[in-house]
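Analysis of the macromolecular model
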Amino acid sequence: MRKILLFVFISVFCFANQGLEYYKNKEYEKAAKIWEKECAKDNFKSCSFLGYIYSQEKYVKQDYSKVIKLFKKACDANEFGACFGLGWIYKNGKSIKQDDKKANNLYEKACNADIFEACYNLGNSYYIGQGVKQDYSKSIKLYEKACDGEVFNACYNAGVSYSEGKGVEQDYNKAIKLYEKACDGEYPMACNNLALAYFNGEGVKEDYDKALKLSKKACDLGEQMGCYNYDILNQIKY
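Below is a summary of the structure that appears in this document. (Residues numbered from 1 in each chain as written. Predicted model: local features only at pLDDT ≥ 70, side-chain atom pairs only at ≥ 80, totals over all residues. Heavy atoms only, no water.)

1. Points about the environment of Leu-142
- Note on placement: Leu-142 falls in helix H9 (residues 136-148).
- Leu-142 gets classed as buried once you look at its relative accessible area, which sits at 13%.
- For Leu-142 and Gly-123, which are 19 residues apart along the polypeptide, the C-alpha to C-alpha distance reads 5.1 Å.
- Not counting residues up to four positions away in its chain, the partners in contact with Leu-142 are Cys-111, Cys-119, Leu-122, Gly-123 and Tyr-126. (Helix = DSSP H or I, 4+ residues; strand = E, 2+ residues; numbered from the N terminus. Buried < 20%, exposed > 50% of the residue type's maximum accessible area, 1.4 Å probe, protein only. Contact = heavy atoms within 4.5 Å.)

2. Side note on the state of the cysteines
- The final tally for this structure, using the stated rule, is six disulfides.
- Bridging Cys-39 to Cys-47, the disulfide has an S-S length of 2.1 Å. Residues Cys-39 and Cys-47 are joined through a disulfide that is right-handed, its torsion about the S-S bond being 100°.
- Note on Cys-39: relative accessible area 4%, which makes it buried.
- Here Cys-47 falls in the buried class, since its relative accessible area comes to 0%.
- Here the disulfide map of the protein chain reads 1-2, 3-4, 5-6, 7-8, 9-10, 11-12, the bonded cysteines being numbered as they appear in the sequence. (Disulfide = S-S within 2.5 Å.)

3. Focus on the pattern of salt bridges
- Counted by the stated rule, this structure contains ten salt bridges.
- One salt bridge in this structure joins Glu-38 and Lys-41, with 3.9 Å as the shortest N-O distance.
- With a relative accessible area of 63%, Lys-41 lands in the exposed category.
- In this structure, the salt-bridge partner of Asp-220 is Lys-216, at a minimum N-O distance of 2.9 Å. Taken together, the residues span about one helical turn, with Asp-220 and Lys-216 both in helix H13 (residues 208-220) at a distance of four residues. (Salt bridge = Lys/Arg side-chain N within 4 Å of Asp/Glu carboxyl O.)

In structure tokens form, the structure reads like this:
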């Protein structure tokens, strides 16, 4: 979550101010003081950054009660990265009662503003029916939107949906393209699925060498099934 929130805030709220310079120089307490002053003046971007700082224990003393207030203030002012962060807090029940419906509403608000990680999270909710009625057709649309925004685990999930025909007509060719994009983005499970597709000739022409190469890549990226498949493929070779 730390990396995702940081990516969202830096990409959406990247503006030149002293607080951001302090943050880049790892002077987190100084950054927090600057953003606290700016937030009090209703600089809502600063509220978002300050909320992020307080959510990370390595920067300042972690305080989710402050995070909630800061994200809510910023989200109410349509700082959509803060809406995503607040949604995550409701989803995970951090210093607040866990509430899937509120989380999804906040994810939707952020997704509509092209916070693509929020689209991915909302897609997951529709896929498993958590806080909303299960709806594979909605989940695939959200996954594809997130994938277009370079959220590679969303590309993988969309690929699985096309492979299994969940919410869409089964289409192995589309699944392959989505797995390829996710694998190129170094999402290991996608590389593993792509390796299996090449081994079995599912959506692509059988290609043992590509299957071997992709399973190794999956393994190198930390996917244990990739390691297992790589060992099996090497045994078949010899």
